[in-house]
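# A closer look at the structure
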Amino acid sequence: MGSNLEPVPVTSQKHDPAWKHCEMFKNGERVQLKCIYCGKIFKGGGIHRIKEHLAGQKGNASTCLRVQPDVRLLMQDSLNGVVMKKRKKQKLAEEITTYNAGTATSDNAAEFTDTCGLDTQVDLLPMPQAIEHTSNLFLNRDQGPNNIGARKKKSRIRKGASSSNNNAMLLPINQSKRVNNHVHMAVARFLLDARVPLDAVNSVYFQPMIDVIASQGPQASAPSYHDLRSWVLKASVQEVRNDIDQCSSTWARSGCSVLVDEWITGKGKTLLNFLVYCPKGTMFLRSVDASTLINSTDYLYELLKEVVEEVGVRNVLQVVTSNEERYVNAGKRLTDAYPTLFWTPCAAHSIDLMLEDLKKLEWIDTIMEQAKSISRFIYNNNFLLSMMRKFTLGVDLVDLGVTRSATDFLTLKRMVNIKHNLQSMVTSVEWAESPYSKKPEGFALLDYISNQSFWSTCSLICRLTDPILRLLRMVGSEERPATAYVYAGVYRAKETIKKELVNKKDYSVYWNIIDHRWESLQQHPLHAAGFYLNPKFFYTTEEDVHLHIRSLVYDCIEKLVPDPKTQDKIVKETTSYLNSAGDFGRKMAVRARDTLFPAEWWSTYGGGCPNLARLAIRILSQTSSLIRSKPGRVPLEEMHETKNCIEHQRLNDLAFVQYNLWLRQRKNLEPDCMDSISYEKMELVHNWVSRREQISEDLESSDWMTVDPPLGSIAPLGPLIDDIEALGAGFDDFEIFGGPKDSEEEIGEENTVNE
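This is a predicted model, so every value here is computed, not measured.

Conventions adopted
- Residues numbered from 1 in each chain as written.
- Predicted model: local features only at pLDDT ≥ 70, side-chain atom pairs only at ≥ 80, totals over all residues.
- Heavy atoms only, no water.
- Helix = DSSP H or I, 4+ residues; strand = E, 2+ residues; numbered from the N terminus.
- Buried < 20%, exposed > 50% of the residue type's maximum accessible area, 1.4 Å probe, protein only.
- Contact = heavy atoms within 4.5 Å.
- Areas by Shrake-Rupley, 256 points an atom, 1.4 Å probe, with all protein chains shown as cover.
- Patch = residues over 30% accessible without salt bridge, like charges linked within 9 Å, V, L, I, M, F, W, Y side chains within 5 Å.
- Salt bridge = Lys/Arg side-chain N within 4 Å of Asp/Glu carboxyl O.
- Lys, Arg positive; Asp, Glu negative; His and termini not counted.
- Charge placed at Lys NZ, Arg CZ, Asp CG, Glu CD.
- Pairing = 2+ DSSP bridges.
- Axes fitted to C-alpha atoms, helices over the stretch in contact; angles between N-to-C directions.
- Phe/Tyr/Trp six-rings, centres within 6.5 Å; stacked < 30°, edge-to-face > 60°.
- Lys NZ or Arg CZ within 6 Å of the ring centre and 35° of its normal.
- Parallel < 35°, antiparallel > 145°, perpendicular 65-115°, else oblique.
- Left-handed = near helix turned anticlockwise from the far one by under 90°.
- Nonpolar A, V, L, I, M, F, W, Y, C, P; charged D, E, K, R; others polar.
- pLDDT = per-residue confidence, 0-100.
- Disulfide = S-S within 2.5 Å.

### Describing the overall build of the protein chain
- Assigned secondary structure in the protein chain consists of 33 helices and nine strands.
- Per-residue burial over the protein chain gives 47% buried out of 755 residues.
- Excluding contacts between residues fewer than 6 apart, the proportion of contacts in the protein chain whose partners are at least 24 apart in sequence is 70%.
- Accessible area for the protein chain stands at about 36,900 Å²; split by element, carbon and sulfur atoms hold 53% of it.

Quick look at the structure:
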């Protein structure tokens, strides 16, 4: 927090409940608010923006990841306002009238269920009550079981339990719980009967659907199968196309990137999915079955050319693909045909390969295997898993990343963060008295967790890889275009390794891994220009570095701006940028270097250099990677298999809607309490949670109904640090930018690593 912020007391006249969860400061004449949970500072938007931040409601604020569930629910209720509370009161009154008539005989059973809970021995956060397992749980509709999933979805129910004070005169608390249980069981019956994956409730459209149904009262009716296949799908297609039209209207100003994402289906087919990225969002255009011609450079070139012309050659700055040779060749032909655009290999793939190479180093691989043995032992035993989650206050040991390598290093970092919790667990009476502490795996777990050398090595690995993990998150971010940060992110990764290892012979091994995987992007003009035109970095960088990368910036100018007169104007205007002349030197502009997105900064203060500003906005508005995760259950494969022309087009439109809805909600989804052993994520976490071979004892300790689910809390993990802020300022180590090999010995080391 800056030293120029002066604390201001919150007076008693401020009655909004959100004031109890923030601090107020003055920066000159401006009032700024700080979240007391995650430390994020809001420089505008007032108490309403803080409330959106705490509530996790998408508006003008990011979601707080450290706020407690009861506070989040309180903020959600406050945002809903009086109208929503009145609607809930009316809805509950109607439900109770109906429910009491049908459940008069089940009260005793429900009351018995309320008393049957797990003793979690954790007082800090609310824990869900368990239900007694019965064989007719889903058949007896009159029995009101308790809500197992209440804790997980509490944050999504904006009209939730914290409004109970307003409804105290309408119904008792226990009766209100039974009403919600009735609703939850009805939803569960539908999902289970229709075989819909349970993670469907994570959709951002799930709770709004419930709200709309509730607002319509008893007269609401469900759509029919033919309704959904006809006019509903048609209206949805038009709705998505309208959204895409709004995005495409900005392409002339911001430019866009064409993304080519290759999938291999379960049946071995190769699908090419074409998407377009701009700061307004990513949109899916179409899918092509390229199974028979995927290795043909001519075929790929024609496909890329067709999509570029569809989007508009003037709008496209780059085409991003994977780095296979067929795409390299097709990309070269494309840039020859259209000299005003770049071909760019996916940055996220290159960074992931860096992590893969680091895992192959013997000393890192050894520590990884030891850590995985700890995790596998815990995650395959219900008693140990519940004990671990109790001592970590609901924090899971496994931390999910976008790739398997990212998951490996993030989980190792998570273990370091909860080190003291794990040590408390293995020195507890519960651990000592459990039979699992006497097993060989239990002795090994105790040895590792008690071994200071193990933890010191884990900490070193985390320090070496943390900037690479941050870079991977940045290049895949939907929130901020990555082109402005990639160059700085690679610099910070190499700088961190150099500071940790000091000796050039030691850190060169790791630098060589980074340089080998980054070679195809190190001299890419777009990344160099993104660094050069980002004022946050430019004005804290030595002049010698500017000279080193300026040639790449000139490459960008010549390629993206074909008119020689405009090129000359841009080069002339770079002098004003270099010297902070005109509006660039205003105190407002200097402060905004750290607060505005780079493209916004140029839009705001670049009026004196219109040609350079126009180019800067287009460069700084681009991504550098393909989509790292895939939407599940989009019928792309079925669409390509269907031979009926009418059904093919219907499935094509269905895939178009589903893919784009997934992309739309992808950047709005708040981090959820995903269970690390859920099947949906098993591909990422397999080595951390799966036994290499099944033994009979595993079946005796695998009762999932006795396991406490994870809370999703991250409170024990320490303060959150923004990935962009972590890049800091100051880029004056010319060795990092140049990165030449100075000796045959280093070259030999690189060859050894690459092999």
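### Points about a positive patch on the surface
- The grouping of R30, K43, K587 and R591 at the surface amounts to a positive patch.
- Relative to the helices and strands, K587 resides in helix α25 (residues 587–592).
- The class of K587 is exposed, set by a relative accessible area of 69%.

### Considering the sheet that holds strand β8 (residues 316–321)
- Pairing within the open sheet is mixed, and its five strands lie in the order β7-β6-β5-β8-β9. Unpaired on one side and paired on the other, β7 (281–289) and β9 (342–345) mark the two borders of the sheet. Across the sheet, the mean angle separating the axes of adjacent strands is 25° when strand polarity is ignored.
- Here strand β5 (residues 256–264) runs beside strand β6 (residues 270–278); their pairing, made up of eight bridges, is antiparallel. Directly across from E262, in β6, lies its bridge partner L272.

### Structural notes on the packing of aromatic side chains
- Across all of its chains, the model carries 25 aromatic pairs by this definition.
- Taking 5.1 Å as the distance between ring centres and 70° as the angle between the ring planes, the aromatic pair formed by F454 and W455 counts as edge-to-face.
- In this structure F454 comes out as buried when scored by relative accessible area, which is 3%.
- Where W601 meets W602, the ring centres are 5.5 Å apart and the plane angle is 85°; that geometry is what we call edge-to-face. The burial state of W601 is the same as that of W602; both residues are buried.
- Taken together, Y532, F538, Y539, Y577, F584, W601, W602 and Y605 form an aromatic cluster joined through their ring pairs.
- Above the ring of F42, the side-chain terminus of K40 is found at 5.7 Å from the ring centroid.
- Over the aromatic face of F656 sits the side chain of R241, whose NZ or CZ is 5.8 Å from the ring centroid.

### Describing the sheet that holds strand β3 (residues 30–35)
- With respect to topology, four strands assemble into an open sheet ordered β1-β2-β3-β4, the strand pairing being antiparallel. If you trace the sheet from one side to the other, it starts and ends with β1 (6–8) and β4 (41–42), each paired once.
- Bridge analysis of β3 against β4 gives two bridges, and the strand direction is antiparallel. In the sheet register, K34 faces β4, and the bridge partner there is I41.
- Docked against the sheet, helix α1 (residues 46–55) engages β2 (22–27), β3 and β4, running at close to 15° with respect to β3.

### Considering the pattern of salt bridges
- Tallied over the full model, the rule gives 33 salt bridges.
- A salt bridge links K267 to E641, with the shortest nitrogen-to-oxygen separation between them at 3.2 Å. A residue pair is termed long-range when its members are at least 10 positions apart, and K267 in the loop between β5 and β6 and E641 in helix α28 (residues 636–641) qualify at 374 residues.
- Overall, the relative accessible area of 30% leaves E641 in the partly exposed class.
- When salt bridges with common partners are traced through the structure, they connect K413, D466, R470, R473 and D723 into a single cluster.

### Details of the packing of helix α12 (residues 362–379) against helix α18 (residues 452–475)
- The interhelical angle for the contact between α12 and α18, taken along N-to-C directions, is 115°, at an axis separation of 11 Å. The angle between α12 and α18 falls in the class roughly perpendicular. Note that α12 runs across α18; the crossing there is left-handed. Only F454, T457, C458, L460, I461 and L464 of α18 make contact with α12, whose side of the interface consists of W363, I364, I367, Q370, A371 and I374.
- Counted by class, the contact of α12 with α18 contains ten nonpolar, two polar and no charged residues.

### So, the packing of helix α14 (residues 404–417) against helix α15 (residues 419–426)
- Relative to each other, α14 and α15 sit at 65°, their axes nearing to 4 Å. In this structure, α14 contributes M415, V416 and N417 to the contact, and α15 contributes K419, N421 and L422.
- Among the residues forming the contact of α14 with α15, the class breakdown is three nonpolar, two polar and one charged.

### Remarks on helix α13 (residues 382–391)
- Among the ten residues in α13, nine count as buried, and that is most of the element.
- Residues of α13 that are buried: N382, L384, L385, S386, M387, M388, R389, K390 and F391.
- L393 sits one or two residues past α13 and shows a positive phi near 60°.

### With respect to the confidence of the model for the protein chain
- Of the residues in the protein chain, 79% have a pLDDT of 70 or more, and the chain-wide mean is 81.
- Residue range residues 102–171 is modelled with pLDDT below 50. Its contacts to residues more than four positions away, or to other chains, number 132 contacts.
- Here residues 740–755 scores under 50 on pLDDT; set against residues more than four positions off or in separate chains, the count is 20 contacts.

### Focus on the state of the cysteines
- Scanning the model with the defined rule gives zero disulfides in all.
- Looking at the unpaired C35, the closest cysteine sulfur is the one in C64, lying at 3.8 Å.

### A word on unusual backbone geometry
- A positive phi angle is found at R195, which is not glycine, with a value near 60°.
- Mapping R195 onto the fold places it in the loop between α5 (173–193) and α6 (206–216).
- The phi torsion at S580 lies on the positive side, around 55°, for a residue other than glycine.
- Within the element layout of this structure, S580 appears in the loop between α24 (564–578) and α25.
- Taking the relative accessible area as the measure of exposure, S580 reaches 23% and is therefore partly exposed.

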